[in-house]
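Here is how the chains run, residue by residue.
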Amino acid sequence: MIGITDLSTLLASLEPVLVDGEFVYATVPPEKMHDYLALKPIGLFFEKEGLTLILPRGAAEKAELASSAPLRCITMMVHSSLEAVGMTAAMAAALTKEGVSANVVAAYYHDHIFVPAADAERAVAALWALSAAAG
């Protein structure tokens, strides 16, 4: 299934959903990746400074990992193409107007935005408003 590339269609179809639970970002040595897979990270990214994990807050706490402040994940249910232009910018602009920090992760089918836990409801409302304005 090929994702949507048309920006107007994407924005009108965002359908942001707040994922249950809180998540954090943590970093570990890349050579120890296998030691941390049991924590069930929902995302990983290799950087020269280390391996970044995005994982449930409780898992990071149990493993006593230093981590970011708690975040909530908002998933856009629209199937966006990895080649779509402007969706991330439009979402970031909507959240910027609300003063909400956004960490976007694009996966094959959907885009996910991690926002500070305290701002999650406001962020979801801003994204629904963006979608309504585009529709």
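Everything below is about the structure printed above this text.
Quick word on the layout of surface pockets
There is about 160 Å³ of room inside the largest pocket. Residue lining of the largest pocket: Ile42, Gly43, Leu44, Phe45, Ile54, Val105, Ala106, Ala107, His112 and Phe114, and that is the complete set. If you list the elements that add at least two residues to the lining of the largest pocket, you get strand 3 (43-47), strand 6 (103-106) and strand 7 (111-116). No other element matches strand 3, which puts three residues into the lining of the largest pocket.

Considerations on the packing of aromatic side chains
Enumeration according to the criterion identifies three aromatic pairs in this entry. Seen from their ring centres, Phe23 and Phe114 are 6.1 Å apart, and the 85 degrees between their planes marks the pair as edge-to-face. Of this pair, Phe23 sits in strand 2 (residues 23-28) while Phe114 sits in strand 7; the two residues are 91 residues apart in sequence, bridging distant segments of the chain. For the pair Phe23 and Phe114, a shared accessibility class is recorded, and that class is buried. On the basis of an interplanar angle of 90 degrees and a centroid distance of 5.9 Å, the ring pair of Tyr25 and Phe114 is categorised as edge-to-face. Here Phe114 lies in strand 7 and Tyr25 lies in strand 2, a separation of 89 residues in the sequence.

Details of a nonpolar patch on the surface
There is a patch of nonpolar side chains on the surface, built from Leu82, Tyr108 and Tyr109 and spanning about 370 Å² of accessible area. Considering the arrangement of structural elements, one finds Tyr108 in the loop between strand 6 and strand 7.

Some words on unusual backbone geometry
The phi torsion at Lys40 lies on the positive side, around 55 degrees, for a residue other than glycine. Following the sequence through the fold, Lys40 ends up in the loop between helix 2 (33-36) and strand 3. Even without being glycine, Glu64 reaches a positive phi, approximately 55 degrees. Note that Glu64 resides in the loop between helix 3 (57-62) and strand 5 (71-76). Note on Glu64: relative accessible area 73%, which makes it exposed.

Here's the deal with helix 4 (residues 87-97)
Met87, Ala90, Met91, Ala94 and Leu95 are the residues of helix 4 that are buried. Angularly, the buried residues of helix 4 cover 130 degrees about the axis, an arc narrow enough to put them on a single face. Exposed positions of helix 4 whose direction lies more than 90 degrees from the buried face are Ala89, Thr96 and Lys97. Elements in contact with the buried residues of helix 4: helix 1 (7-12), strand 5, strand 7 and helix 5 (120-134). After helix 4 finishes, the residue Gly99 shows a positive phi value of roughly 70 degrees.

What counts and what doesn't
- Residues numbered from 1 in each chain as written.
- Predicted model: local features only at pLDDT ≥ 70, side-chain atom pairs only at ≥ 80, totals over all residues.
- Heavy atoms only, no water.
- 1 Å grid on protein atoms, 1.4 Å probe; cavity = no way out; pocket = protein on both sides within 12 Å on 5 of 7 lines; lining within 4 Å.
- Points joined across faces, edges and corners; volume = space filled by probe spheres on them.
- Helix = DSSP H or I, 4+ residues; strand = E, 2+ residues; numbered from the N terminus.
- Phe/Tyr/Trp six-rings, centres within 6.5 Å; stacked < 30°, edge-to-face > 60°.
- Buried < 20%, exposed > 50% of the residue type's maximum accessible area, 1.4 Å probe, protein only.
- Patch = residues over 30% accessible without salt bridge, like charges linked within 9 Å, V, L, I, M, F, W, Y side chains within 5 Å.
- Areas by Shrake-Rupley, 256 points an atom, 1.4 Å probe, with all protein chains shown as cover.
- Salt bridge = Lys/Arg side-chain N within 4 Å of Asp/Glu carboxyl O.
- Arc of directions from axis to C-beta.
- Contact = heavy atoms within 4.5 Å.

Any functional reading would require information that these geometric values do not contain.
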